[in-house]
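Working through the structure, step by step
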Amino acid sequence: MSPPSLDRFRSRLAGTIREEPNPFGDAVFRAEPSDLRDVLRSLRDEHGFDLLLDVTAVDHLELPDSKPRFDVVYILRPSVGSERVRVQCRPPDEDLSLETVSDLWKAANWAEREVYDQYGVRFRNHPNLKRILNHKDFVGHPLRKDYDIKKQQWLSEPDDLMDEMRKLRGGAEGEESESVLLNIGPSHPAMHGALRALVDLEGETVRHTVPEIGYLHRGFEKSAEKGTYTHVIPFTDRLNYCSSVMNNVGYCRTIEKMLGIEPTPRAQTIRVVLLELGRIMDHLVSVAANLVDVGALTNYWYLFNERERIYDVIEALCGARLTHCYVRIGGLAHDLHAGFEEGVEGILRELPKALADVERLVARNRIFLDRVVGVGAITAEEAISHGFTGPCLRACGVPNDLRKDEPYYGYDGYDWNVIVGTRGDTYDRIWVRMEEMRESMRIVAQAMKKMPGGPVDVDDKRVSLPPKTEVYGNIEALMNHFMIIMEGIKPPAGECYGSIEAANGELGFFVVSDGTGKPYKVKVRPPCFYVFSAFPRLTEGGMIQDLIATLGSLNIIAGELDR
Amino acid sequence: MQQLLDRFIESRGWTGDWAIELVYFLGMLFFAVALLLVVVTPFTGIVSWAERRIAARMQSRVGPNRVGPQGILQWAADGLKCILKEDLIPEDADRILFTAAPYLVFCGLFGAFAVLPFSEHLVIADLDAGAFYVMAITSLVPLGIIMSGWASNNKWSLLGGMRSAAQIISYEIPAALSLLAVVLAAGTLSLQGIIRAQGWSPADWFLFRNPFLFTGFFYFFVANLAEGNRTPFDLPEAESELVAGYSTEYSGMRFAFFMLAEWANLYVVASVVNVAFLGGWNVPPIAEGVVLTILQMVVFAAKSLVLVFVIIWVRWTLPRLRVDQMMLLCWKYLVPLSFLNVLGTAVWMMIVPEGSAAGRVASWLLVLVGLSLSGLFGLRVRKNLKDADVGRLYLNPFS
Amino acid sequence: MLFDLANVVVFLAVALGFVWATLLASRLIQPRAPGGDKGLTYECGELPVGAGRIQFNFRFYILALIFLVFEVEIAFVFPVAVVFREWLESGRAATAFAEIFLFIGILFLGLVYLWRKGELSWHKEEPEAEDVPSVR
């Protein structure tokens, strides 16, 4: 396969597919519903875009071009490489359906279910087109523009998931009596977050797994459409609450991309420090919880003490421990406080000791190795097909890391390595995270050393509030202040996908602007969503205890899974 | 104990069968209740407190420190809380089995205390088949666990109960075989007899009697960990997997009895290992009378508590095995090795007569081996302490 | 010895009485408000699917049988073990050892047999189709 190249794609398909101009520089192609599968297959097989990042839709009801109403968006990228391409396709309004691509990418299975759930666009030949985030008895499609945000539905009947389980059990009629159905979760000690897996057991061996998500109905994407662009920032905190600053940055970076602004060098470096601290925190939680799941309880405290230390530093910085909300569009809420540097030094001094403690306890422990080596393994091809990114994909040996592939905030200026595993099993996932924490510490140390001076907010009237002294003394500054607060930041109209390498993988935001101060649509691409879709594949054939250990290593955060 | 009561009867000058029987009966009742209230319950409670405190120190936490000095009465507060809790029985549960299970579990463990010696003379009942009795009576515990798992009508409970059953019956084999080797060496099944067959110096302990018994100690210890559902064999109640295992549906006082049994079991396991391998209450003949008895009690309790500490330590250090690995360890490693052990002990006894010079030398060599193993371990710990920046450690357990 | 046995019986009775009395005391002072979802069995917050008394793995029965055989045999070895020392002193060591060796040897052979048959591994490999004897 030749290296991913859009130019080749452009020249090859010049006749059949139309490239749409995009104000934000993204490559966007418009396909006809009949050509869609061919175009996507060609992109995957011939042009190296083997990773389906996300499928979503845009409801054009309140936009000028409202016929046909829905625009389905496929976002692709090569598993290693920075180029991204969007293929958009408008299903006809009459039957509102497209051909499924879930046979090309396993990731499309859940992605298409989500589009169906949220927008009501159907996918022909989809193996299991049912609601995924909303309740099975939910009426309507919440992300359609004509669905009132205040409409409430009272739904109390639990889903027994038997429709899916029956399909999986299939022809094995005679064995039916021997197997047992067991609900693991949503309220189970090893389900870190409100997740559920209905498993079909034979003895203690898992034969089939049906995962269920969608217990947290926060309506992040719907809420985001109701406030200004700045109002969305606190909502993003709650996505992956283990590393909320990463969500802040991911969102703000997308909006900045739309506005065409680049944060100041100081803001970029501070963001890098916070991003890496966030990554460390997230990995600490993941590894600690994973070790608890295999019964090594003591490590939990060794790691969580260090997490607390990081929380202390961040609390001093922004006043919040869990939901930081420190990043702003075009900069930061405020500059670093005096003493931040000492705090970070403390972290860099103490964290390696905690990691060493944990390593001494488990790294060569026979029981631990027996429990995790070879458990829940997945090959790189399958992982890519499932839409894995981040540590879970790197554990399979694919050096997929946006910080290297598409260096932002000067990540290429730091000396660090991408950690990859070999087997793609639970052990590799744990150890990739352990080593990544060390690499993150290196980045933090270098960033703190080179921390440039200067302002933290860009000098741009469209996004930055003027200083208070100006506001009180100067009518122009007062009006500027008033406009930003009352009407919000106004990115130019258009559609933009921006992403960063979050702790669990590629965290993407697909934002549609209609030119006003409120986002027309904000779609988040949570890395966990696609990782969890592979859960049945990872667990079937193992034992309950393997299932528990595997789940811990995937680090599923229900906060970003459910929207 | 019988002599004590006989002396009491004599001093009163009572005669006649009725008096003797009545005094015997009341005496037994008195000792049983006294042991229950004065030794077993508080001791179990304190072991539970110790476990929580030690675990907390190992995990750089504080642990319970509010009720009583250093939180030592935490167990009483917990017990009181459990008494005040509503006791729920699931509607679909088998009520009879559900309510009977805590009785069995508690009897199984409390019964073992009847033959556990505290000193040379202080023992409730010195049965001549004491070792057998302990094995038999503690088997009531898995029975209770299976009953609770089955009766709860809950899949987690049943999985936990079945795991427990499989585990306990599997590890019963290496435990029994290791004990068999001890019985070969001691020539008696009475626990007091086994202790008497050993001496106060380490070289006289069965642990160092011969190389086979030396390894047998470890098989016996591991098998007992498994029978007591302790980490790394805590699969029946693995909280991150089976919620709470067999006791998922239990609440209130019934649940407390399961917990009580678990911690009482810690002491029972440690004491049995102590009796079989570590010389029990044997002390050098430096005192007599009451002083000797007290000395013996202290020595016995100290050895047992060290073992309790080791068990706690293991629990908070190791991860948990998977169920198939647990079975593998037992049937493919421990069972064949313990077979070898029994034959090896018998052969050793035939080749090296007891008390011969060769036997003494071998014992002392084994003591040296044991000491050097501990020494190596100590060095390793010291290295880790050095690596871990001692300033950060709180060596004072009460800090 | 009778005294000791009686003592054990009294002991167990006291244990039963203790459990009973504590549960009774608890019953007298605890709040009681049965009914509602409290009576449901716990299955992680979902309604339980199917019966709780599930059919468990067949391997448990085999395991129980193996245990029974081993444990009973070991119990028979104990009396020999008890007198082993005396016989050793009275010069009948060979007889005693032969007896123990016989018992242990049979058990060991049994273990080897089970191992070879694969009954000792938790996941017993399903026999391949051609290995299954077919009835005609």
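Calculation rules
The residue count restarts for each chain, going from 1 along the sequence in the order it is written. Think of it this way: whatever chain is written first is A, whatever ligand is written first is 1, and the rest follow in order. This being a predicted model, a pLDDT of at least 70 is required before a residue's local features are given, and a value of 80 or more before pairs of side-chain atoms are given or counted; all residues contribute to the totals for chains, interfaces and linings. Helix and strand definitions here come from DSSP, where helices need a minimum of 4 consecutive H or I residues and strands a minimum of 2 consecutive E residues; each element is numbered from the N-terminal end. We compute the radius of gyration over the C-alpha atoms and compare it with the globule rule, which gives 2.2 Å times the number of residues raised to the power 0.38. With C-beta atoms placed from the backbone, a residue counts as buried when 20 or more other C-beta atoms lie within 10 Å of its own, as exposed when 12 or fewer do, and as partly exposed for counts between those limits. Each residue gets a C-beta atom placed from its backbone, and two residues are in contact if those atoms lie within 7 Å. The criterion for strand pairing is that DSSP finds at least two bridges linking the strands in question. Domain delimitation in this document rests on an assignment produced automatically or drawn from a domain database. For this scheme, ten residues count as nonpolar: Ala, Val, Leu, Ile, Met, Phe, Trp, Tyr, Cys and Pro. Four count as charged, namely Asp, Glu, Lys and Arg, and the remainder, Gly too, count as polar. Buried Ala, Val, Leu, Ile, Met, Phe, Trp, Tyr and Cys residues form a nonpolar core when they are connected through C-beta atoms within 7 Å. Axis geometry follows a simple rule: fit a line to the C-alpha atoms, using only the stretch in contact for helices, then measure angles between N-to-C directions, giving values from 0 to 180 degrees. What a helix should span is 1.5 Å times the count of its residues minus one. pLDDT expresses how confident the predictor is about each individual residue, on a scale running from 0 to 100. Each angle gets one of four labels, with under 35 degrees taken as roughly parallel, over 145 as roughly antiparallel, 65 to 115 as roughly perpendicular, and the rest as oblique. Each crossing gets its handedness from the near helix: less than a right angle anticlockwise from the far helix is left-handed, clockwise is right-handed.

**Structural notes on the overall build of chain B**
Within chain B, the secondary structure is distributed over 13 helices and zero strands. Computed over its C-alpha atoms, the radius of gyration of chain B comes to 22 Å, within 12% of the 21 Å expected for a compact globule of 399 residues. Counting only C-alpha atoms, chain B reaches 70 × 65 × 45 Å along its principal axes. Here chain B holds 399 residues, and the buried ones make up 53% of them. A separation of at least 24 residues holds for 77% of the contacts in chain B among residues at least 6 apart in sequence.

**A look at the overall build of chain C**
A tally of helices and strands in chain C yields three helices and zero strands. Put simply, chain C runs from its N terminus to its C terminus through helices and strands in the order α-α-α. Here chain C holds 136 residues, and 25% of them are scored as buried.

**Examining the pairing of strand β9 (residues 196–202) of chain A**
Residues and elements named next belong to chain A. With six of its seven residues buried, β9 lies for the most part within the structure. The sheet contact formed by strand β8 (residues 180–184) and β9 spans five bridges and is antiparallel. From the neighbouring strand, Leu182 faces β9, where its bridge partner is Val199. Relative to strand β10 (residues 205–212), β9 runs antiparallel, the two being bridged by seven bridges. Paired with Val199 across the two strands is Thr209, which belongs to β10. The antiparallel hairpin formed by β9 and β10 contains two residues in its connecting segment, where Gly203 sits at a positive phi of about 65 degrees.

**Describing the domain arrangement of chain B**
All names here are of chain B. Domain boundaries assigned for chain B yield domain 1 (1–84), domain 2 (87–351) and domain 3 (353–387). Using C-alpha coordinates to define each centre, domain 1 is positioned 20 Å away from domain 2. Within the residue set of the side of domain 1 that touches domain 2, elements represented by two or more residues are α2 (17–58) and α3 (74–84). Residue contributions to the side of domain 1 that touches domain 2 peak at twelve residues, all from α2. In terms of residue class, the side of domain 1 that touches domain 2 is built from twelve nonpolar, four polar and one charged.

**Regarding the nonpolar core**
The biggest cluster of nonpolar side chains holds 328 residues, and the ones touching the most others in it are Phe106 and Leu180 of chain B. Examining the composition of this core, we find that 21 residues originate from one element, helix α7 (residues 155–186) of chain B, more than from any other. Other than its neighbours up to four places away in sequence, Phe106 of chain B contacts Phe257, Leu260 and Ala261 of chain B together with Ala15 and Val19 of chain C.

**Examining the interface of chain A and chain B**
The interface is formed by 30 residues belonging to chain A together with 26 residues belonging to chain B. Counting residues per element, the ones that place at least two in the side of chain A that touches chain B are β8, α8 (265–293), α9 (298–318), α10 (340–362), α11 (366–372) and α20 (544–554) of chain A. Per-element tally for the side of chain A that touches chain B: the top contributor is α10 of chain A, with six residues.

**Considerations on the interface of chain C and chain B**
The interface is formed by 61 residues belonging to chain C together with 70 residues belonging to chain B. At the level of elements, α1 (2–29), α2 (59–89) and α3 (93–117) of chain C are the ones that each hand at least two residues to the side of chain C that touches chain B. The element that contributes the greatest number of residues to the side of chain C that touches chain B is α1 of chain C, accounting for 19 residues. Residues of the side of chain C that touches chain B, tallied by class, amount to 43 nonpolar, nine polar and nine charged.

**What about the sheet that holds strand β15 (residues 519–525) of chain A?**
All names here are of chain A. Spatially, three strands are ordered β13-β14-β15 in an open sheet, and the strand pairing comes out antiparallel. The sheet is open, and its two borders are formed by β13 (494–502) and β15, each paired with just one other strand. For this sheet, the mean angle separating the axes of adjacent strands, direction not counted, is 15 degrees. Sheet strands in contact with helix α7 (residues 244–259) are β13 and β14 (505–513), and its direction is about 145 degrees off that of β13.

**Quick look at the sheet that holds strand β1 (residues 18–20) of chain A**
All names here are of chain A. Taken in spatial order, the five strands make up an open sheet running β1-β2-β5-β4-β3, and their pairing is mixed. Pairing within the sheet leaves two strands with one partner each, and these edge strands are β1 and β3 (51–59). Looking at each pair of strands side by side, their axes are set apart by 30 degrees on average, direction ignored. By the bridge criterion, five bridges tie strand β4 (residues 70–77) to strand β5 (residues 85–89) in an arrangement that is antiparallel. Bridge pairing in β5 links Leu76 to Val85. Where helix α3 (residues 107–119) meets the sheet, it contacts β3 and β4, and its direction lies at approximately 10 degrees from that of β3.

**With respect to α8 of chain A**
Residues and elements named next belong to chain A. The end-to-end C-alpha distance of α8 is 42 Å, a good match for the 42 Å that 29 residues give at a rise of 1.5 Å each. With 26 of 29 residues buried, α8 is to be regarded as a mostly interior element. Trailing α8 by a residue or two, Gly295 shows a phi angle of about 100 degrees, which is positive.

**Some thoughts on α10 of chain A**
Residues and elements named next belong to chain A. For α10, spanning 23 residues, the distance from its first C-alpha to its last is 33 Å, which sits close to the expected 33 Å at 1.5 Å a residue. When we look at burial in α10, the residues that qualify are Gly343, Val344, Ile347, Leu351, Ala354, Leu355, Asp357, Val358, Leu361 and Val362. In the core, the buried residues of α10 are packed alongside α8, α9, α11 and α15 (426–450).

**Looking at the confidence of the model for chain C**
Residue and element names in this part refer to chain C. Residues of chain C with pLDDT of at least 70 account for 77%, and the chain-wide mean is 74. By mean pLDDT, the top-scoring element of chain C is α3 (82), and the lowest-scoring one is α2 (80). For this predicted complex, the interface score ipTM comes out at 0.81, alongside a pTM of 0.86.

**Considerations on unusual backbone geometry**
Here the residue pair Lys67 of chain A and Pro68 of chain A is connected by a cis peptide bond, since its omega of -20 degrees sits within 30 degrees of zero. Here Pro68 of chain A is to be found in the loop between β3 and β4. Residue Gln70 of chain B is not a glycine yet carries a positive backbone phi of 55 degrees. The topology assignment puts Gln70 of chain B in the loop between α2 and α3. Here Asn229 of chain B, not a glycine, exhibits a phi torsion of approximately 55 degrees, which is positive. When you line up the elements, Asn229 of chain B lands in the loop between α9 (211–227) and α10 (252–277).

**Focus on the packing of helix α4 (residues 95–113) of chain B against helix α6 (residues 140–151) of chain B**
Helix packing geometry: the angle between the two helix axes and the distance between the axes. Residues and elements named next belong to chain B. Packing of α4 against α6 leaves a shortest axis separation of 8 Å and a crossing angle of 160 degrees. Taken together, the axes of α4 and α6 are roughly antiparallel relative to one another. At the point where α4 passes α6, the crossing takes the left-handed sense. On α6, the residues that touch Leu97, Phe98, Ala100, Ala101, Leu104, Val105, Cys107, Gly108 and Leu109 of α4 are Leu140, Val141, Leu143, Gly144, Ile145, Met147, Ser148, Trp150 and Ala151. Here the contact of α4 with α6 is composed, by residue class, of 15 nonpolar, three polar and no charged.

**Re the packing of α9 of chain A against α10 of chain A**
Residues and elements named next belong to chain A. Contact pair α9 / α10: the axes reach a minimum separation of 9 Å and the direction vectors enclose 170 degrees. Taken as axis vectors, α9 and α10 run roughly antiparallel relative to one another. Facing Thr298, Asn299, Tyr302, Leu303, Asn305, Glu306, Arg309, Ile310, Val313, Ala316 and Leu317 of α9, the residues of α10 in contact are Phe340, Gly343, Val344, Gly346, Ile347, Glu350, Leu351, Ala354, Asp357, Val358, Leu361 and Val362. When grouped by side-chain class, the residues that make up the contact of α9 with α10 number 14 nonpolar, five polar and four charged.

**Points about the environment of Met259 of chain B**
Tracing the sequence through the fold places Met259 of chain B in helix α10. C-alpha separation for the pair Met259 of chain B and Thr44 of chain B, spaced 215 residues apart in sequence, amounts to 9.6 Å.

**Observations concerning the environment of Val62 of chain B**
Inspection of the secondary structure puts Val62 of chain B in the loop between α2 and α3. Residues Val62 of chain B and Arg52 of chain B, ten residues apart in the sequence, show an inter-C-alpha distance of 9.2 Å.

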